[in-house]
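# Working through the structure, step by step
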Amino acid sequence: MKINLILVIVLVAFIASFANLVSETLDYGFPDDLVKADDNSTVGDSTKNITWFVHVTDLHISKFNAPDRTSKFLELVSEILKRVEPSAIVVTGDLTDGKTPDYSGSRQFREEWETYHQAVTLATSTNKTIG
């Protein structure tokens, strides 16, 4: 008798959860607090209304490994600022490598952060970016 009662309770809970899931899924309309666009704007061959941003991630600027990575990164920043002219550059992930030469440990190295600061200074020198 107890097992039957437990099975009924579990079944009712399952049905209630499933019904809630279905009702939430069916109510997937356009949110009322957002304003729908009144115009029929389309993206054409003009760059007039395009905002450019650049996302760079996991730089791993290293004092010991891949020495050309730093110079290539600074070159990339310079070229992006010159050619793309983004409204923003977003840098995420691991900025510096922070690894010892043999990868047996990790710590912060001033030179790695100075290199990153050099790139930020280069980017903010255009007065288009907030540092």
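Our subject is the structure that appears above.
Residues numbered from 1 in each chain as written. Predicted model: local features only at pLDDT ≥ 70, side-chain atom pairs only at ≥ 80, totals over all residues. Heavy atoms only, no water.

For the rest of this paragraph, the subject is the packing of aromatic side chains. A ring pair, where both rings are aromatic, is described by two values, the distance of the centres and the angle of the planes. Per the counting criterion, the structure on display carries three aromatic pairs. On the basis of an interplanar angle of 15° and a centroid distance of 6.5 Å, the ring pair of phenylalanine 14 and phenylalanine 18 is categorised as stacked. Within this pair, phenylalanine 14 and its partner phenylalanine 18 are both found in helix H1 (residues 2–26), separated by four residues, close to a single helical turn. Note on phenylalanine 14: relative accessible area 55%, which makes it exposed. Ring geometry for phenylalanine 64 versus phenylalanine 109: centroids 5.1 Å apart, planes at 85°, classification edge-to-face. A residue pair is termed long-range when its members are at least 10 positions apart, and phenylalanine 64 in the loop between strand S1 (53–57) and helix H2 (67–84) and phenylalanine 109 in the loop between strand S2 (88–92) and helix H3 (110–124) qualify at 45 residues. When its relative accessible area of 4% is taken as the criterion, phenylalanine 109 is described as buried. (Phe/Tyr/Trp six-rings, centres within 6.5 Å; stacked < 30°, edge-to-face > 60°. Helix = DSSP H or I, 4+ residues; strand = E, 2+ residues; numbered from the N terminus. Buried < 20%, exposed > 50% of the residue type's maximum accessible area, 1.4 Å probe, protein only.)

This part is about the pairing of S2. One ladder, built from five bridges, connects S1 with S2; its direction is parallel. Considered in S2, the bridge of valine 56 is made with valine 91. What joins S1 to S2 is H2, and the crossover it makes is right-handed. (Pairing = 2+ DSSP bridges. Right-handed = clockwise from strand over helix to strand, strands pointing away.)

Relative to the helices and strands, aspartate 97 is located in the loop between S2 and H3. For the buried aspartate 97, no salt bridge is present, and the opposite-charge side chain at shortest range is arginine 69, 5.2 Å distant. For aspartate 97, the side chain forms a polar contact with the side chain of histidine 60, separated by 3.1 Å. Each residue touching aspartate 97, except ones within four places of it in the same chain, is listed here: His60, Ile61, Ser62, Asn65, Tyr103 and Glu112. (Lys, Arg positive; Asp, Glu negative; His and termini not counted. Salt bridge = Lys/Arg side-chain N within 4 Å of Asp/Glu carboxyl O. Polar contact = N/O pair within 3.5 Å; in protein donor to acceptor, adjacent residues only side chain to side chain. Contact = heavy atoms within 4.5 Å.)

Turning our eyes to something else, we now look at H3. The end-to-end C-alpha distance of H3 is 21 Å, a good match for the 21 Å that 15 residues give at a rise of 1.5 Å each. Every buried residue belonging to H3 is among Glu112, Thr115, Tyr116, Ala119 and Ala123, and all of these are buried. All buried residues of H3 lie within an arc of 95° about the axis, which places them on one face of the element. Facing away from the buried side of H3 by over 90 degrees, the exposed positions are Arg110 and His117. Packed against the buried residues of H3 are H2 and S2. (Expected span 1.5 Å × (residues − 1). Arc of directions from axis to C-beta.)

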